[in-house]
Amino acid sequence: GNMVEWCLPQDIDLEGVEFKSMASGSHKIQSDFIYFRKGLCFGLACFANMPVESELERGARMKSVGILSPSYTLLYRYMHFLENQVRHQLEMPGHYSHLEAFYDDKKGVLLDSKGTPTSQQPVHWLPSIHRYMYPEMKITHPAGCMSQFIKFFGEQILVLWKFALLRKRILIFSPPPVGVVCYRVYCCCCLANVSLPGLGGTVPESKPFFYVNVADIEMLETEVSYVACTTEKIFEEKRDLYDVYVDNQNVKTHHEHLQPLLKINNADKEKYRRLNDQRQMLMYSQEVGEDCSSCEEDLFILFFMEQNNRIFQTLMEVSASQDKTLTADHARGMGLDPQGDRSFLMDLLEVYGIDVMLVIDNPCCT
């Protein structure tokens with residue numbers, strides 16, 4: 001099995017991290033990177049696999065080198081360092097001087113599972129996590145993780161958007177490599193960003209858990225809302241752990257009342273068309289050199305944040321009105337389909353505890 005070979009500080013609880021930092025099935029690939037969650041911290045590890053002429057190591061040497069932080073938004077900055085170090089560890093096992101120097105330069109206080117500090121040095125190298133995970137996390141991906149996400153899921157991102165906004169437990173399955181799938185977890189969380197003040201203090205937080213495996217089952221059993229990915233097919237059978245299961249581009253749910261949300265309606269198609277139009281305009285403005293400051297990541301995040309803000313602004317205005325009646329016109333004004341999004345709206349009102357009355361019952365009045 002996997003084992004932790006070396007760590008600093010030596011008194012930190014790393015139970016289970018040896019399985020989080022090396023995805024199940026990684027022996028079939030040459031290299032990968034992996035985001036994961038450990039207690040109150042987030043980790044990034046880089047994995048590499050090198051053939052060796054050793055019977056003891058059964059012809060292959062596999063290692064991961066990773067770091068833990070209270071926030072995941074800046075971990076990507078150290079990706080290149082980790083990639084170099086895992087290669088170094090494969091070629092020269094047991095030489096930790098570069099890792100020691102890195103730790104001495106960057107060390108800060110990490111909280112253990114009880115919330116108490118494990119070392120006394122002040123955190124001077126990480127800002128607190130940004131409220132909307134934006135815009136610190138410029139993920140380093142060849143074509144930008146958001147554009148990959150849109151190309152991969154197409155119109156299905158509108159289905160994922162609804163589940164993310166409803167704070168459902170979303171589990172994404174994919175065989176290794178898992179790095180790009182960790183990006184999909186991040187993108188899914190971005191779909192649910194809302195910047196209106198005072199919205200739903202009781203609403204569960206949308207938690208990116210990134211990579212999970214069978215060792216996380218006990219922890220997942222207690223979660224009411226998360227987005228995670230796994231390489232272990234066994235999870236599909238454990239239906240009590242998730243609400244939504246994503247296998248490649250196939251989004252499915254075993255909950256009957258959520259089934260209507262899987263259907264793409266006309267309002268979804270219109271939103272997808274607008275998103276693509278904005279992307280095309282952005283690409284054109286970059287080509288002609290008018291605008292180099294904005295990027296696709298920003299456009300994607302702001303598109304969904306504005307959409308979400310419009311929905312909740314309308315719902316809060318209606319709930320503050322005298323008759324509290326939400327009509328088909330309100331739904332259309334929010335960019336929703338009065339009929340196709342009726343069950344989505346019902347769930348939304350319940351999850352966020354918004355007191356309005358829905359009067360979109362008669363199909364002939366759409």
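The structure this text deals with has already been given above.
Let me sum up the structure you'll find in this document. Because the structure is a prediction, the values reported are computed rather than measured.

### Description of the overall build of the protein chain
Looking only at helices and strands, the protein chain has 11 helices and 10 strands in total. Scored against the burial criterion, the 366 residues of the protein chain give a buried share of 53%. Accessible surface for the protein chain amounts to roughly 17700 Å². Of this, 52% is attributable to carbon and sulfur atoms.

### A few points about the pairing of strand S7 (residues 244-247)
Covered by surrounding structure in S7 are Val244 and Val246 together with Tyr245 and Asp247, the residues of both alternating faces. Here strand S4 (residues 169-173) runs beside S7; their pairing, made up of 4 bridges, is parallel. Note on S7: the bridge partner recorded for Leu171 is Tyr245. Pairing of S7 with strand S8 (residues 250-253), which is carried by 4 bridges, proceeds in the antiparallel orientation. Looking across to S8, one finds that Val246 is bridged to Val251.

### Topic: the packing of helix H5 (residues 156-165) against helix H8 (residues 266-287)
It is the contact of H5 with H8, at a shortest axis distance of 9 Å, that shows an interaxial angle of 110 degrees. Considered as vectors, H5 and H8 are oriented roughly perpendicular to each other. Where H5 crosses over H8, the handedness of that crossing is right-handed. Here Ile157, Leu158, Trp161 and Lys162 of H5 come into contact with H8, specifically with Asp268, Lys271, Tyr272 and Leu275. Of the residues assigned to the contact of H5 with H8, the class counts are 5 nonpolar, no polar and 3 charged.

### Structural notes on the environment of His27
Its place among the elements puts His27 in the loop between helix H1 (17-20) and strand S1 (31-38). A sequence separation of 34 residues divides His27 from Arg61, and the C-alpha atoms of the two residues are 9.4 Å apart. With residues near it in sequence (within four places) discarded, His27 still touches Asn49 and Met62.

### Some points on the environment of Asn265
By the secondary structure assignment, Asn265 is in the loop between S8 and H8. Separated by 74 residues in sequence, Asn265 and Gln339 have C-alpha atoms that sit 9.1 Å apart. Ignoring any residue separated from it by four or fewer positions in sequence, one finds Asn265 in contact with Lys162, Asp337, Gly340 and Asp341.

### What to know about the nonpolar core
Ranked by size, the top nonpolar core spans 99 residues in total, and within it Ile157, Phe312 and Leu315 carry the most contacts. By residue number, the principal contributor to this core is helix H9 (residues 296-320), which donates 10 residues. Every residue in contact with Leu315, bar those within four places of it in the chain, is listed here: Leu326, Met334, Leu345, Leu348, Leu349, Ile354 and Val356. Of all hydrophobic cores here, the second largest spans 12 residues; its members include Phe173, Phe209, Tyr226 and Phe235.

### Brief notes about helix H2 (residues 79-91)
Under the 1.5 Å per step criterion, the end-to-end length of H2 is 19 Å for 13 residues, consistent within 8% with the ideal 18 Å. Taken together, the buried positions of H2 are occupied by Met79, Leu82, Gln85, Val86, His88, Gln89 and Leu90. Buried positions along H2 lie against S1, strand S2 (41-51), strand S3 (60-69), helix H3 (97-106) and helix H6 (179-190).

### Focus on the pattern of salt bridges
Side chains bearing opposite charge may pair, as long as their charged atoms lie close to each other. Tallied over the entire structure, the rule returns 15 salt bridges. For the salt bridge of Lys162 with Asp268, the shortest nitrogen-to-oxygen distance reads 2.9 Å. Here Lys162 is found in helix H5, whereas its partner Asp268 is found in helix H8, with 106 residues between them in sequence. Accessibility assignment for this pair places Lys162 and Asp268 in one class, buried. The salt bridge partner of Asp247 is Lys233, with a shortest N-O separation of 2.7 Å. One end of the pair, Asp247, is in strand S7; the other, Lys233, is in the loop between strand S6 (226-230) and S7, with 14 residues separating them in the sequence. By relative accessible area, which is 39% here, Lys233 ends up partly exposed. Several salt bridges share partner residues, and in doing so they unite Lys233, Glu236, Asp247 and Lys252 into one network.

### Considering the side chain of Ser174
In this fold, Ser174 is placed in the loop between S4 and H6. Beyond its immediate chain neighbours, meaning those up to four positions away, Ser174 contacts Val181, Thr230 and Thr231.

### Quick notes on the pairing of S1
Across the 8 residues of S1, 7 count as buried, placing the element largely inside the fold. Sheet topology places S1 next to S2; 8 bridges connect them, and they run antiparallel. When the bridges of S2 are listed, Ser31 appears paired with Ala48. Joining the antiparallel neighbours S1 and S2 is a turn of 2 residues, in which Gly39 adopts a positive phi near 60 degrees.

### With respect to the state of the cysteines
Using the criterion set out here, one finds 0 disulfides in the structure. Free of any disulfide, Cys229 has its nearest neighbouring cysteine sulfur in Cys182, separated by 4.0 Å.

### As for the packing of aromatic side chains
Evaluation of the coordinates by the stated rule reveals 20 aromatic pairs. With centroids separated by 5.9 Å and ring planes inclined at 80 degrees, the aromatic side chains of Phe149 and Phe300 adopt a geometry described as edge-to-face. You can see Phe149 sitting in helix H4 (residues 145-153) and its partner Phe300 sitting in helix H9, a full 151 residues away along the chain. Measuring from ring centre to ring centre gives 5.0 Å for Phe152 and Phe153, while their planes differ by 90 degrees; the resulting arrangement is edge-to-face.

Thresholds, definitions, all that
- Residues numbered from 1 in each chain as written.
- Predicted model: local features only at pLDDT ≥ 70, side-chain atom pairs only at ≥ 80, totals over all residues.
- Heavy atoms only, no water.
- Helix = DSSP H or I, 4+ residues; strand = E, 2+ residues; numbered from the N terminus.
- Buried < 20%, exposed > 50% of the residue type's maximum accessible area, 1.4 Å probe, protein only.
- Areas by Shrake-Rupley, 256 points an atom, 1.4 Å probe, with all protein chains shown as cover.
- Pairing = 2+ DSSP bridges.
- Axes fitted to C-alpha atoms, helices over the stretch in contact; angles between N-to-C directions.
- Parallel < 35°, antiparallel > 145°, perpendicular 65-115°, else oblique.
- Left-handed = near helix turned anticlockwise from the far one by under 90°.
- Contact = heavy atoms within 4.5 Å.
- Nonpolar A, V, L, I, M, F, W, Y, C, P; charged D, E, K, R; others polar.
- Core = buried A, V, L, I, M, F, W, Y, C linked by side-chain atoms within 4.5 Å.
- Expected span 1.5 Å × (residues − 1).
- Salt bridge = Lys/Arg side-chain N within 4 Å of Asp/Glu carboxyl O.
- Disulfide = S-S within 2.5 Å.
- Phe/Tyr/Trp six-rings, centres within 6.5 Å; stacked < 30°, edge-to-face > 60°.

Coordinates in, geometry out; function isn't part of it.
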